[in-house]
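An overview of the molecular structure
Single-letter residue listing:
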Amino acid sequence: MVLFPLLFVAIFFAHYLIMPLGFGGIDSQRMMLVAAIAVILARFALRYHFMSAILFSLFYAAIFVWIDLPYSPYLKQLSYIFLLVGAIALLMGEDFNDEYIVATFAICALVSFVLICVCYAVFFSLGLAFNWKECFAFFSHPRFFNHFQVGAVLLFPMLILKSDSKVTRVLAFLALSLSVATILVSAGRGIWVSLTAAALVILCLRIRYYQRYFTFLILGVIAGFFVFLIFSYLSSPSGSLVLAGLEERGSVLADNRSRIWELTVAKIIERPVLGWGAYSYAFLAGEIWLPAHPHQAVLQLAFEYGLPLTIVIVAFFTYSIYTLFKRIRLLNNDWATVYFASLIALALNAQYSAVLIMPVGQMMVVVITARLLSLVFSEWITTLKSMFVLPRKLLPISFFILMGGAVMIWGVVIEDYLRFRGEGEWSKRHEKRIFLPRTWENAS
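Residues numbered from 1 in each chain as written. Predicted model: local features only at pLDDT ≥ 70, side-chain atom pairs only at ≥ 80, totals over all residues. Heavy atoms only, no water.

Looking now at empty space enclosed by the protein. Tallied over the entire structure, the rule returns four cavities of 30 Å³ or more. Of the volumes computed, that of the largest cavity is approximately 180 Å³. Around the largest cavity, the lining is made up of 15 residues, and of these Phe4, Pro5, Phe96, Ile101 and Val367 lie nearest the centre. Mapped onto the lining of the largest cavity, the elements with two or more residues apiece are helix 1 (3-12), helix 6 (98-125) and helix 20 (359-376). For the lining of the largest cavity, the per-class residue count stands at 14 nonpolar, one polar and no charged. (1 Å grid on protein atoms, 1.4 Å probe; cavity = no way out; pocket = protein on both sides within 12 Å on 5 of 7 lines; lining within 4 Å. Points joined across faces, edges and corners; volume = space filled by probe spheres on them. Helix = DSSP H or I, 4+ residues; strand = E, 2+ residues; numbered from the N terminus. Nonpolar A, V, L, I, M, F, W, Y, C, P; charged D, E, K, R; others polar.)

Here we take up the nonpolar core. If you look at the biggest cluster of nonpolar residues, it comprises 111 residues, and the most contacted ones within it are Phe105, Phe148, Tyr213 and Phe400. Considering each element in turn, this core owes the most residues, eleven residues, to helix 20. The contacts of Phe148, once residues within four sequence positions are left out, are Phe8, Phe12, Phe105, Cys108, Ala109, Val360 and Met364. Residues Ile268, Tyr281, Leu299 and Phe303 belong to the second largest nonpolar core, which totals six residues. (Core = buried A, V, L, I, M, F, W, Y, C linked by side-chain atoms within 4.5 Å. Buried < 20%, exposed > 50% of the residue type's maximum accessible area, 1.4 Å probe, protein only. Contact = heavy atoms within 4.5 Å.)

Phi is positive for Tyr209, close to 55°, though the residue is something other than glycine. The phi torsion at Asn332 lies on the positive side, around 55°, for a residue other than glycine. Tracing the sequence through the fold places Asn332 in the loop between helix 18 (307-331) and helix 19 (334-350).

One side chain can pair with another of opposite charge once the charged atoms of both are near each other. Taken as a whole and assessed by the stated rule, the structure comprises three salt bridges. When the shortest N-O distance is used, the salt bridge between Asp334 and Lys162 registers 3.1 Å. Taken as a pair, Asp334 in helix 19 and Lys162 in helix 9 (residues 156-162) lie far apart in primary sequence, 172 residues in all. Taking the relative accessible area as the measure of exposure, Asp334 reaches 2% and is therefore buried. On the basis of relative accessibility, which here comes to 25%, the residue Lys162 falls in the partly exposed class. Residue Asp334 is joined to Arg208 by a salt bridge in which the shortest nitrogen-to-oxygen separation is 3.7 Å. Here the residue Asp334 occupies a position in helix 19, and Arg208 occupies one in the loop between helix 11 (189-205) and helix 12 (210-235), the gap between them amounting to 126 residues. Salt bridges linked by common partners bring Lys162, Arg208 and Asp334 together as one network. (Salt bridge = Lys/Arg side-chain N within 4 Å of Asp/Glu carboxyl O.)

This brings us to the packing of helix 1 against helix 6. Pairs of packed helices are described in terms of their axes, by the angle between the two and the distance that separates them. Direction vectors running N to C along helix 1 and helix 6 enclose 25°, while the axes themselves pass 10 Å from each other. Relative to helix 6, helix 1 is oriented roughly parallel. Where helix 1 crosses over helix 6, the two elements pack in a sense that is right-handed. Listed contacts from helix 6 to Pro5, Phe8, Val9 and Phe12 of helix 1 are Tyr100, Thr104, Phe105, Cys108 and Ser112. Of the residues assigned to the contact of helix 1 with helix 6, the class counts are seven nonpolar, two polar and no charged. (Axes fitted to C-alpha atoms, helices over the stretch in contact; angles between N-to-C directions. Parallel < 35°, antiparallel > 145°, perpendicular 65-115°, else oblique. Left-handed = near helix turned anticlockwise from the far one by under 90°.)

Structure below.
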(Lines give C-alpha, C1' and ligand atoms only; values in the text may rest on other atoms or scores of the structure.)
Protein backbone atom coordinates (compact mmCIF):
# COMPACT_ATOMS: atom_id res chain seq x y z
CA MET A 1 0.00 0.00 0.00
CA VAL A 2 2.84 2.41 0.79
CA LEU A 3 4.52 1.81 -2.58
CA PHE A 4 1.93 3.56 -4.75
CA PRO A 5 1.73 6.88 -2.82
CA LEU A 6 5.54 7.01 -2.79
CA LEU A 7 5.61 6.55 -6.57
CA PHE A 8 3.06 9.34 -7.02
CA VAL A 9 5.03 11.72 -4.79
CA ALA A 10 8.20 10.85 -6.72
CA ILE A 11 6.52 11.79 -10.02
CA PHE A 12 5.12 14.99 -8.56
CA PHE A 13 8.50 16.17 -7.25
CA ALA A 14 10.67 14.51 -9.89
CA HIS A 15 12.13 17.86 -10.95
CA TYR A 16 13.74 18.23 -7.54
CA LEU A 17 14.73 14.60 -7.12
CA ILE A 18 16.85 14.49 -10.27
CA MET A 19 17.58 18.21 -10.69
CA PRO A 20 21.38 17.67 -10.36
CA LEU A 21 21.26 15.61 -13.56
CA GLY A 22 20.19 18.69 -15.51
CA PHE A 23 16.63 17.77 -16.51
CA GLY A 24 13.68 20.12 -16.76
CA GLY A 25 10.31 19.48 -15.19
CA ILE A 26 8.53 17.72 -18.03
CA ASP A 27 11.48 15.47 -18.85
CA SER A 28 12.15 14.42 -15.28
CA GLN A 29 8.47 13.81 -14.57
CA ARG A 30 8.00 11.67 -17.66
CA MET A 31 11.13 9.67 -16.80
CA MET A 32 9.82 9.10 -13.29
CA LEU A 33 6.35 8.21 -14.60
CA VAL A 34 7.74 5.53 -16.91
CA ALA A 35 9.92 4.22 -14.07
CA ALA A 36 6.90 4.12 -11.74
CA ILE A 37 4.84 2.14 -14.26
CA ALA A 38 7.78 -0.25 -14.70
CA VAL A 39 7.86 -0.80 -10.91
CA ILE A 40 4.08 -1.38 -10.82
CA LEU A 41 4.34 -3.82 -13.73
CA ALA A 42 7.16 -5.75 -12.05
CA ARG A 43 5.21 -5.93 -8.80
CA PHE A 44 2.14 -7.40 -10.48
CA ALA A 45 4.24 -9.70 -12.66
CA LEU A 46 5.78 -11.20 -9.53
CA ARG A 47 2.37 -11.52 -7.88
CA TYR A 48 0.82 -13.34 -10.84
CA HIS A 49 4.02 -15.19 -11.88
CA PHE A 50 4.40 -13.47 -15.25
CA MET A 51 8.01 -12.33 -14.91
CA SER A 52 9.10 -14.70 -17.70
CA ALA A 53 6.64 -13.01 -20.08
CA ILE A 54 8.09 -9.59 -19.24
CA LEU A 55 11.66 -10.80 -19.68
CA PHE A 56 10.73 -12.24 -23.08
CA SER A 57 9.16 -8.94 -24.17
CA LEU A 58 12.20 -6.96 -23.00
CA PHE A 59 14.55 -9.30 -24.86
CA TYR A 60 12.43 -9.08 -28.00
CA ALA A 61 12.29 -5.27 -27.85
CA ALA A 62 16.02 -5.04 -27.11
CA ILE A 63 16.79 -6.88 -30.37
CA PHE A 64 14.77 -4.34 -32.33
CA VAL A 65 16.53 -1.48 -30.56
CA TRP A 66 19.95 -3.08 -31.08
CA ILE A 67 19.45 -3.39 -34.85
CA ASP A 68 18.05 0.18 -34.80
CA LEU A 69 14.83 -0.43 -36.71
CA PRO A 70 13.06 2.81 -37.73
CA TYR A 71 10.29 3.05 -35.18
CA SER A 72 7.23 4.96 -36.28
CA PRO A 73 6.59 8.06 -34.14
CA TYR A 74 3.07 6.79 -33.64
CA LEU A 75 4.43 3.56 -32.16
CA LYS A 76 6.14 5.64 -29.52
CA GLN A 77 2.95 7.52 -28.69
CA LEU A 78 0.76 4.41 -28.82
CA SER A 79 3.15 2.54 -26.52
CA TYR A 80 2.97 5.44 -24.05
CA ILE A 81 -0.84 5.39 -24.11
CA PHE A 82 -0.73 1.62 -23.64
CA LEU A 83 1.47 2.09 -20.56
CA LEU A 84 -1.11 4.45 -19.05
CA VAL A 85 -4.09 2.23 -19.89
CA GLY A 86 -2.19 -0.85 -18.69
CA ALA A 87 -1.39 0.86 -15.39
CA ILE A 88 -5.11 1.60 -14.96
CA ALA A 89 -5.95 -2.07 -15.57
CA LEU A 90 -3.37 -3.21 -13.01
CA LEU A 91 -4.34 -0.71 -10.33
CA MET A 92 -8.04 -1.51 -10.68
CA GLY A 93 -7.31 -4.77 -8.89
CA GLU A 94 -5.80 -3.04 -5.86
CA ASP A 95 -7.95 -2.39 -2.81
CA PHE A 96 -6.94 1.21 -2.08
CA ASN A 97 -8.16 3.27 0.83
CA ASP A 98 -9.74 6.42 -0.62
CA GLU A 99 -8.64 8.59 2.29
CA TYR A 100 -5.11 7.32 1.74
CA ILE A 101 -5.17 8.40 -1.90
CA VAL A 102 -6.48 11.91 -1.25
CA ALA A 103 -4.17 12.38 1.74
CA THR A 104 -1.28 11.76 -0.67
CA PHE A 105 -2.65 14.50 -2.93
CA ALA A 106 -2.95 16.81 0.07
CA ILE A 107 0.69 16.24 1.03
CA CYS A 108 1.77 17.12 -2.52
CA ALA A 109 -0.30 20.32 -2.45
CA LEU A 110 1.09 21.40 0.92
CA VAL A 111 4.71 20.68 0.08
CA SER A 112 4.41 22.49 -3.26
CA PHE A 113 3.14 25.62 -1.51
CA VAL A 114 5.95 25.36 1.02
CA LEU A 115 8.36 25.37 -1.91
CA ILE A 116 6.68 28.53 -3.20
CA CYS A 117 7.32 30.17 0.17
CA VAL A 118 10.94 28.97 0.10
CA CYS A 119 11.30 30.47 -3.36
CA TYR A 120 9.86 33.76 -2.05
CA ALA A 121 12.30 33.74 0.88
CA VAL A 122 15.25 33.22 -1.48
CA PHE A 123 14.16 36.13 -3.67
CA PHE A 124 13.63 38.32 -0.60
CA SER A 125 17.05 37.49 0.87
CA LEU A 126 18.67 38.46 -2.44
CA GLY A 127 16.80 41.75 -2.56
CA LEU A 128 14.88 40.75 -5.68
CA ALA A 129 11.25 41.54 -6.45
CA PHE A 130 9.42 38.23 -6.38
CA ASN A 131 6.43 37.37 -8.52
CA TRP A 132 4.55 34.17 -9.05
CA LYS A 133 5.54 33.76 -12.67
CA GLU A 134 9.22 33.51 -11.78
CA CYS A 135 8.38 31.09 -8.99
CA PHE A 136 6.60 28.79 -11.40
CA ALA A 137 9.46 29.11 -13.85
CA PHE A 138 11.51 27.72 -10.97
CA PHE A 139 9.01 24.86 -10.81
CA SER A 140 9.42 24.53 -14.61
CA HIS A 141 5.81 25.02 -15.69
CA PRO A 142 2.66 26.07 -13.79
CA ARG A 143 0.43 23.75 -15.78
CA PHE A 144 2.12 20.72 -14.22
CA PHE A 145 0.49 21.77 -10.99
CA ASN A 146 -2.74 23.09 -12.52
CA HIS A 147 -3.51 19.62 -13.88
CA PHE A 148 -2.88 18.24 -10.42
CA GLN A 149 -5.01 20.88 -8.72
CA VAL A 150 -8.00 20.56 -11.04
CA GLY A 151 -8.07 16.84 -10.27
CA ALA A 152 -7.51 17.15 -6.52
CA VAL A 153 -9.37 20.27 -5.36
CA LEU A 154 -12.81 18.65 -5.40
CA LEU A 155 -11.46 15.62 -3.49
CA PHE A 156 -10.20 17.62 -0.50
CA PRO A 157 -13.68 18.53 0.90
CA MET A 158 -14.59 14.84 0.77
CA LEU A 159 -11.49 13.98 2.78
CA ILE A 160 -12.57 16.59 5.36
CA LEU A 161 -15.98 14.90 5.58
CA LYS A 162 -14.80 11.30 5.64
CA SER A 163 -11.66 11.35 7.77
CA ASP A 164 -11.85 10.53 11.47
CA SER A 165 -8.54 12.26 12.15
CA LYS A 166 -8.70 15.92 13.12
CA VAL A 167 -5.14 16.45 11.88
CA THR A 168 -6.02 14.99 8.48
CA ARG A 169 -9.11 17.21 8.22
CA VAL A 170 -7.06 20.32 9.00
CA LEU A 171 -4.38 19.36 6.49
CA ALA A 172 -7.04 18.69 3.85
CA PHE A 173 -8.58 22.14 4.40
CA LEU A 174 -5.14 23.75 4.18
CA ALA A 175 -4.44 21.84 0.96
CA LEU A 176 -7.77 23.03 -0.46
CA SER A 177 -7.15 26.67 0.47
CA LEU A 178 -3.55 26.80 -0.73
CA SER A 179 -4.46 25.04 -3.98
CA VAL A 180 -7.14 27.66 -4.65
CA ALA A 181 -4.61 30.42 -3.94
CA THR A 182 -2.17 28.90 -6.41
CA ILE A 183 -4.87 28.46 -9.06
CA LEU A 184 -5.84 32.13 -8.74
CA VAL A 185 -2.34 33.12 -9.81
CA SER A 186 -1.14 30.41 -12.14
CA ALA A 187 -4.25 29.36 -14.05
CA GLY A 188 -6.58 30.96 -16.56
CA ARG A 189 -10.34 31.08 -16.71
CA GLY A 190 -10.57 27.59 -18.20
CA ILE A 191 -9.76 25.88 -14.91
CA TRP A 192 -12.59 27.70 -13.16
CA VAL A 193 -15.05 26.69 -15.87
CA SER A 194 -13.87 23.09 -15.52
CA LEU A 195 -14.20 23.07 -11.73
CA THR A 196 -17.63 24.73 -11.86
CA ALA A 197 -18.91 22.14 -14.33
CA ALA A 198 -17.53 19.33 -12.15
CA ALA A 199 -19.13 20.84 -9.02
CA LEU A 200 -22.48 20.88 -10.85
CA VAL A 201 -22.02 17.16 -11.59
CA ILE A 202 -21.57 16.52 -7.85
CA LEU A 203 -24.68 18.57 -7.15
CA CYS A 204 -26.71 16.60 -9.70
CA LEU A 205 -25.57 13.27 -8.28
CA ARG A 206 -26.50 14.51 -4.80
CA ILE A 207 -23.87 12.98 -2.53
CA ARG A 208 -24.70 12.44 1.12
CA TYR A 209 -24.11 15.52 3.26
CA TYR A 210 -23.77 17.58 0.08
CA GLN A 211 -24.55 20.77 2.03
CA ARG A 212 -21.55 20.21 4.28
CA TYR A 213 -19.43 19.27 1.28
CA PHE A 214 -20.18 22.53 -0.54
CA THR A 215 -19.80 24.50 2.70
CA PHE A 216 -16.24 23.23 3.06
CA LEU A 217 -15.60 23.85 -0.63
CA ILE A 218 -16.82 27.46 -0.47
CA LEU A 219 -14.93 28.14 2.75
CA GLY A 220 -11.78 26.76 1.14
CA VAL A 221 -12.23 29.02 -1.89
CA ILE A 222 -12.71 32.08 0.37
CA ALA A 223 -9.67 31.17 2.48
CA GLY A 224 -7.61 30.59 -0.66
CA PHE A 225 -8.61 34.00 -2.01
CA PHE A 226 -7.39 35.69 1.17
CA VAL A 227 -4.12 33.74 1.03
CA PHE A 228 -3.77 34.94 -2.55
CA LEU A 229 -4.35 38.56 -1.51
CA ILE A 230 -1.83 38.41 1.32
CA PHE A 231 0.85 36.64 -0.65
CA SER A 232 0.32 38.87 -3.67
CA TYR A 233 0.67 41.99 -1.56
CA LEU A 234 3.86 40.71 0.05
CA SER A 235 5.42 39.50 -3.17
CA SER A 236 4.60 42.44 -5.43
CA PRO A 237 7.14 45.28 -5.53
CA SER A 238 4.36 47.88 -5.46
CA GLY A 239 1.57 45.96 -3.78
CA SER A 240 -0.30 45.63 -7.06
CA LEU A 241 -2.28 42.46 -7.63
CA VAL A 242 -1.73 42.83 -11.35
CA LEU A 243 2.02 42.75 -10.96
CA ALA A 244 1.69 39.81 -8.61
CA GLY A 245 0.35 37.49 -11.18
CA LEU A 246 -2.88 38.40 -12.90
CA GLU A 247 -1.12 40.27 -15.67
CA GLU A 248 1.38 37.45 -16.05
CA ARG A 249 -1.38 35.21 -17.38
CA GLY A 250 -2.36 37.48 -20.22
CA SER A 251 -1.27 36.21 -23.61
CA VAL A 252 -2.43 36.13 -27.18
CA LEU A 253 -3.04 32.40 -26.82
CA ALA A 254 -5.72 32.95 -24.19
CA ASP A 255 -7.21 36.28 -25.24
CA ASN A 256 -7.72 35.66 -28.96
CA ARG A 257 -9.22 32.19 -28.97
CA SER A 258 -12.28 33.21 -30.93
CA ARG A 259 -9.99 34.13 -33.81
CA ILE A 260 -8.12 30.83 -33.43
CA TRP A 261 -11.38 28.89 -33.56
CA GLU A 262 -12.55 30.79 -36.66
CA LEU A 263 -9.37 29.90 -38.51
CA THR A 264 -9.62 26.28 -37.36
CA VAL A 265 -13.19 25.96 -38.63
CA ALA A 266 -12.11 27.43 -41.97
CA LYS A 267 -9.42 24.74 -42.30
CA ILE A 268 -11.89 22.00 -41.30
CA ILE A 269 -14.26 23.11 -44.05
CA GLU A 270 -11.42 22.70 -46.57
CA ARG A 271 -10.98 19.00 -45.70
CA PRO A 272 -14.03 17.88 -43.69
CA VAL A 273 -13.94 14.12 -44.33
CA LEU A 274 -10.39 12.89 -43.69
CA GLY A 275 -8.91 15.98 -42.07
CA TRP A 276 -5.31 17.11 -42.37
CA GLY A 277 -3.72 14.13 -40.61
CA ALA A 278 -2.51 13.34 -37.10
CA TYR A 279 -0.28 16.00 -35.55
CA SER A 280 -0.81 18.26 -38.58
CA TYR A 281 -2.28 21.16 -36.60
CA ALA A 282 1.11 22.08 -35.16
CA PHE A 283 2.49 22.64 -38.66
CA LEU A 284 -0.40 23.98 -40.74
CA ALA A 285 -1.52 26.21 -37.91
CA GLY A 286 1.99 27.57 -37.46
CA GLU A 287 1.68 29.51 -40.69
CA ILE A 288 -1.41 31.34 -39.46
CA TRP A 289 -1.46 31.66 -35.67
CA LEU A 290 0.73 30.99 -32.67
CA PRO A 291 -0.52 27.96 -30.72
CA ALA A 292 0.19 24.36 -31.65
CA HIS A 293 -3.38 23.35 -30.82
CA PRO A 294 -6.72 25.20 -30.98
CA HIS A 295 -7.47 25.00 -27.22
CA GLN A 296 -10.61 23.02 -28.09
CA ALA A 297 -10.56 19.23 -28.25
CA VAL A 298 -13.42 18.71 -30.71
CA LEU A 299 -12.01 21.26 -33.14
CA GLN A 300 -8.59 19.60 -33.03
CA LEU A 301 -10.08 16.16 -33.63
CA ALA A 302 -12.07 17.48 -36.59
CA PHE A 303 -9.02 19.32 -37.95
CA GLU A 304 -6.70 16.33 -37.81
CA TYR A 305 -9.03 13.34 -38.33
CA GLY A 306 -12.11 14.72 -40.11
CA LEU A 307 -15.71 15.16 -39.07
CA PRO A 308 -16.95 11.52 -39.42
CA LEU A 309 -14.33 10.08 -37.06
CA THR A 310 -14.76 13.03 -34.70
CA ILE A 311 -18.50 12.34 -34.47
CA VAL A 312 -17.80 8.68 -33.66
CA ILE A 313 -15.24 9.57 -30.96
CA VAL A 314 -17.45 12.23 -29.37
CA ALA A 315 -20.46 9.89 -29.43
CA PHE A 316 -18.44 7.10 -27.78
CA PHE A 317 -17.19 9.30 -24.94
CA THR A 318 -20.61 10.90 -24.48
CA TYR A 319 -22.19 7.45 -24.15
CA SER A 320 -19.43 6.32 -21.74
CA ILE A 321 -19.88 9.38 -19.55
CA TYR A 322 -23.66 8.96 -19.53
CA THR A 323 -23.34 5.28 -18.63
CA LEU A 324 -20.95 6.07 -15.79
CA PHE A 325 -23.27 8.82 -14.58
CA LYS A 326 -26.23 6.41 -14.37
CA ARG A 327 -24.23 3.69 -12.61
CA ILE A 328 -22.79 6.13 -10.09
CA ARG A 329 -26.22 7.55 -9.34
CA LEU A 330 -27.52 4.03 -8.64
CA LEU A 331 -24.41 3.11 -6.65
CA ASN A 332 -24.77 6.17 -4.41
CA ASN A 333 -21.10 6.09 -3.41
CA ASP A 334 -19.69 9.46 -2.38
CA TRP A 335 -16.11 8.67 -3.37
CA ALA A 336 -17.17 7.42 -6.79
CA THR A 337 -19.09 10.67 -7.29
CA VAL A 338 -16.17 12.97 -6.56
CA TYR A 339 -13.75 10.81 -8.56
CA PHE A 340 -16.11 11.04 -11.53
CA ALA A 341 -16.43 14.82 -11.13
CA SER A 342 -12.64 15.18 -10.87
CA LEU A 343 -12.18 13.27 -14.13
CA ILE A 344 -14.74 15.56 -15.78
CA ALA A 345 -12.77 18.58 -14.58
CA LEU A 346 -9.49 17.09 -15.81
CA ALA A 347 -10.96 16.30 -19.22
CA LEU A 348 -12.42 19.78 -19.64
CA ASN A 349 -9.25 21.51 -18.49
CA ALA A 350 -6.50 19.46 -20.15
CA GLN A 351 -8.37 18.21 -23.23
CA TYR A 352 -6.78 15.74 -25.58
CA SER A 353 -3.99 17.96 -26.94
CA ALA A 354 -2.39 17.97 -23.50
CA VAL A 355 -2.88 14.28 -22.77
CA LEU A 356 0.53 13.36 -24.17
CA ILE A 357 2.36 16.34 -22.63
CA MET A 358 1.80 16.68 -18.88
CA PRO A 359 2.97 13.63 -16.84
CA VAL A 360 1.47 14.79 -13.54
CA GLY A 361 -1.96 15.13 -15.13
CA GLN A 362 -1.53 11.72 -16.74
CA MET A 363 -0.78 10.10 -13.39
CA MET A 364 -3.82 11.84 -11.88
CA VAL A 365 -5.98 10.32 -14.62
CA VAL A 366 -4.44 6.86 -14.04
CA VAL A 367 -5.00 6.89 -10.27
CA ILE A 368 -8.49 8.42 -10.30
CA THR A 369 -9.76 6.32 -13.22
CA ALA A 370 -8.46 3.09 -11.71
CA ARG A 371 -10.12 3.78 -8.38
CA LEU A 372 -13.38 4.99 -9.96
CA LEU A 373 -13.71 1.93 -12.18
CA SER A 374 -12.91 -0.39 -9.28
CA LEU A 375 -15.77 1.18 -7.30
CA VAL A 376 -18.31 1.37 -10.11
CA PHE A 377 -17.57 -2.02 -11.70
CA SER A 378 -16.60 -3.94 -8.58
CA GLU A 379 -18.29 -7.09 -9.91
CA TRP A 380 -15.83 -7.12 -12.82
CA ILE A 381 -12.76 -6.90 -10.61
CA THR A 382 -13.02 -10.51 -9.49
CA THR A 383 -13.14 -11.61 -13.14
CA LEU A 384 -10.14 -9.40 -13.94
CA LYS A 385 -8.10 -10.90 -11.10
CA SER A 386 -9.02 -14.44 -12.09
CA MET A 387 -7.69 -13.77 -15.60
CA PHE A 388 -4.28 -12.94 -14.18
CA VAL A 389 -4.23 -15.89 -11.80
CA LEU A 390 -4.36 -18.38 -14.69
CA PRO A 391 -1.04 -17.86 -16.52
CA ARG A 392 -1.91 -20.28 -19.33
CA LYS A 393 -4.49 -17.92 -20.75
CA LEU A 394 -3.37 -16.06 -23.85
CA LEU A 395 -4.84 -12.67 -22.91
CA PRO A 396 -2.92 -12.01 -19.67
CA ILE A 397 0.32 -13.35 -21.17
CA SER A 398 -0.09 -11.04 -24.16
CA PHE A 399 -0.86 -8.13 -21.85
CA PHE A 400 2.33 -8.52 -19.84
CA ILE A 401 4.41 -9.03 -22.99
CA LEU A 402 3.04 -5.87 -24.57
CA MET A 403 3.47 -3.88 -21.35
CA GLY A 404 7.07 -5.06 -21.06
CA GLY A 405 7.74 -4.12 -24.69
CA ALA A 406 6.25 -0.66 -24.17
CA VAL A 407 8.47 -0.17 -21.12
CA MET A 408 11.46 -1.19 -23.23
CA ILE A 409 10.61 1.32 -25.95
CA TRP A 410 10.39 4.09 -23.40
CA GLY A 411 13.56 2.85 -21.77
CA VAL A 412 15.32 3.72 -25.02
CA VAL A 413 13.61 7.11 -25.06
CA ILE A 414 14.89 7.73 -21.53
CA GLU A 415 18.35 6.73 -22.74
CA ASP A 416 18.00 9.60 -25.21
CA TYR A 417 17.10 11.89 -22.34
CA LEU A 418 20.34 10.91 -20.63
CA ARG A 419 22.43 11.20 -23.80
CA PHE A 420 21.26 14.58 -25.09
CA ARG A 421 20.66 16.62 -21.95
CA GLY A 422 22.52 19.91 -21.67
CA GLU A 423 22.50 20.62 -25.42
CA GLY A 424 19.80 23.27 -25.52
CA GLU A 425 16.05 22.94 -25.79
CA TRP A 426 15.03 19.28 -25.56
CA SER A 427 12.33 19.44 -28.20
CA LYS A 428 15.03 20.27 -30.75
CA ARG A 429 17.80 17.93 -29.66
CA HIS A 430 15.39 14.99 -29.34
CA GLU A 431 14.91 15.18 -33.10
CA LYS A 432 18.32 13.52 -33.43
CA ARG A 433 16.58 10.27 -32.67
CA ILE A 434 13.86 8.31 -34.42
CA PHE A 435 11.28 8.43 -31.66
CA LEU A 436 9.56 11.61 -32.76
CA PRO A 437 7.18 13.09 -31.87
CA ARG A 438 7.73 13.87 -28.20
CA THR A 439 4.74 16.21 -28.09
CA TRP A 440 2.07 17.37 -30.50
CA GLU A 441 4.15 20.49 -31.16
CA ASN A 442 7.18 18.80 -32.77
CA ALA A 443 5.38 15.84 -34.31
CA SER A 444 6.52 14.68 -37.72
